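A look at the structure
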Amino acid sequence: MSQRKICYFDNNATTKVAPEVVEAMRPCFEEYWGNPSSVYRFGNQVGRQIDQAREKVAALIHADPREIVFTSCGTESNNAAIHSALRAHPEKRHVITTAVEHSANMKYGAFLQKLGYDVTFLPVESDGSIDIHLVDQSIRPDTAIVSIMWANNETGVLFPIEEIAAICRSKGTPFHTDAVQTPGKLKIDVKALDVDFLSLSAHKLHAPKGIGLLYVKRRTKFIPYIFGGGQEHGRRAGTENVPYIVGFGRAAELAMAWLPDEDTRVRALRDKLETDILGRIPGTSRNGARDARLPNTSNLTFDGVEAEAILMMLDQAGICASSGSACTTGSLDPSHVLTAMGLSPARARGSVRFSLGIYNTAEEVDYALEQLPPIIEKLRAVSPETQRHQVRRAAGHFAET
Ligand code: PLP
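For the structure given in this document, a descriptive report is provided here. (Residues numbered from 1 in each chain as written. Predicted model: local features only at pLDDT ≥ 70, side-chain atom pairs only at ≥ 80, totals over all residues. Heavy atoms only, no water.)

On to the nonpolar core, then. Within soluble globular proteins, side chains that are nonpolar generally end up buried alongside one another. Counting residues in each nonpolar core, the largest one holds 96 residues, and the members touching the most others are Ile-61, Ile-148, Ile-164, Leu-198, Phe-302, Ile-310 and Phe-354. The element best represented in this core is helix H9 (residues 242-280), accounting for 13 residues. Formed by 17 residues, the second largest nonpolar core is a distinct cluster that contains Ala-81, Ile-82, Leu-86 and Val-95. (Core = buried A, V, L, I, M, F, W, Y, C linked by side-chain atoms within 4.5 Å. Buried < 20%, exposed > 50% of the residue type's maximum accessible area, 1.4 Å probe, protein only. Helix = DSSP H or I, 4+ residues; strand = E, 2+ residues; numbered from the N terminus.)

Shown next, in the form of structure tokens:
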């Protein structure tokens, strides 16, 4: 079955694998398929592929290659950083994070609470920003780690990571940041940020799903999360996913090269989409600070409309976007990010995220702007209950991305 062309505005969920990345990975399947831990040359040359990829991802974040630990995904990286800090100081049983993190932190935090740890989920302001004094006030002698995301996946709102890292440093508390949404959109310099741990996930930067990394600052104590073989210098066991690591390396090079385009052309496309929707469709508003935000993300509330109903109708028009709602036991839970920003459940359920990327064009934005107003008008003509009923009938499951 041939796939019809889609307008993909869901780049915070995942990104298209770049053809350059596929090309870079191909020899790993056809030529360099040995085990990098083997002693013979056929294995060694695979090890060299990993070394080169490590140098490339390290260059993306201005790290030393020895500070990179490849993992299976961003979720594992986040869990591993927090796990390490707790194991390094078992007497410290307090963790600080925020109420708007990805479920990688939210659910791990809830799990830690069940184990008897004390987890502080810091609140945010109505524009999604954080009061950094709260970070300062919340750090205690028994705080094992502070883990705060850099860019929010739902709203694109940026937290002042450099300042938060400085507060943590002044108190001697390790700091981890989930930077999964930032590569190719922001310049990342771990030396300037001075963080202890930083997570990335390759599928957000045009490489495949199932590969990530954890930056571990030199001399920061690291206790592995996965034990077994001595891969990753004993920091993450398991035979390396060589093709994906190589793809990640190539994607890191592309992310650096494409950064200016994302910051100018993609930003302008996002701004046009957002400004025109807000100007043309009454009863719409933006969620999250206007300026301290990723250049590609726009999260908008459509009053009196169920986001899932909008998404279904956009899908019929070949447009992919998303909402932060999670479908649990057949009912739509509003986004925890938007409710933490003070939106009512009804308004949160009426919010849609558009996240653009380097493959989007001005024509696609024009097409979305043409399709959206009649969709909203049609949906507003029926009650939210009817919309919800239609969504429930068609619902699969909605995972947080
Ligand atoms: N953190 C953020 C901010 C994300 O957006 C995501 C993915 O959506 C993750 C973590 C998890 O990354 P992965 O899908 O690689 O586990």
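With that settled, the discussion passes to the packing of helix H10 (residues 307-316) against helix H14 (residues 384-394). The N-to-C vectors of H10 and H14 enclose an angle of 60 degrees; their axes lie 8 Å apart at closest approach. Here H10 lies oblique to H14, going by the angle between them. Taken as a pair, H10 and H14 cross one another with a handedness that is left-handed. Only Gln-387, Gln-390, Val-391 and Ala-394 of H14 make contact with H10, whose side of the interface consists of Glu-308, Ala-309 and Met-312. Here the contact of H10 with H14 is built from residues that sort into four nonpolar, two polar and one charged. (Axes fitted to C-alpha atoms, helices over the stretch in contact; angles between N-to-C directions. Parallel < 35°, antiparallel > 145°, perpendicular 65-115°, else oblique. Left-handed = near helix turned anticlockwise from the far one by under 90°. Contact = heavy atoms within 4.5 Å. Nonpolar A, V, L, I, M, F, W, Y, C, P; charged D, E, K, R; others polar.)

Glancing now at the packing of aromatic side chains. The full count for this structure, using the stated rule, is five aromatic pairs. Between Trp-258 and Tyr-359 the ring centres are 6.1 Å apart and the planes differ by 70 degrees, which places this aromatic pair in the edge-to-face class. Remark: Tyr-359 occurs in the loop between strand E14 (351-355) and helix H13 (362-380) and Trp-258 occurs in helix H9; sequence separation between them is 101 residues. Over the ring of Tyr-117 we find Arg-93, and its NZ or CZ is 4.1 Å from the ring centre. (Phe/Tyr/Trp six-rings, centres within 6.5 Å; stacked < 30°, edge-to-face > 60°. Lys NZ or Arg CZ within 6 Å of the ring centre and 35° of its normal.)

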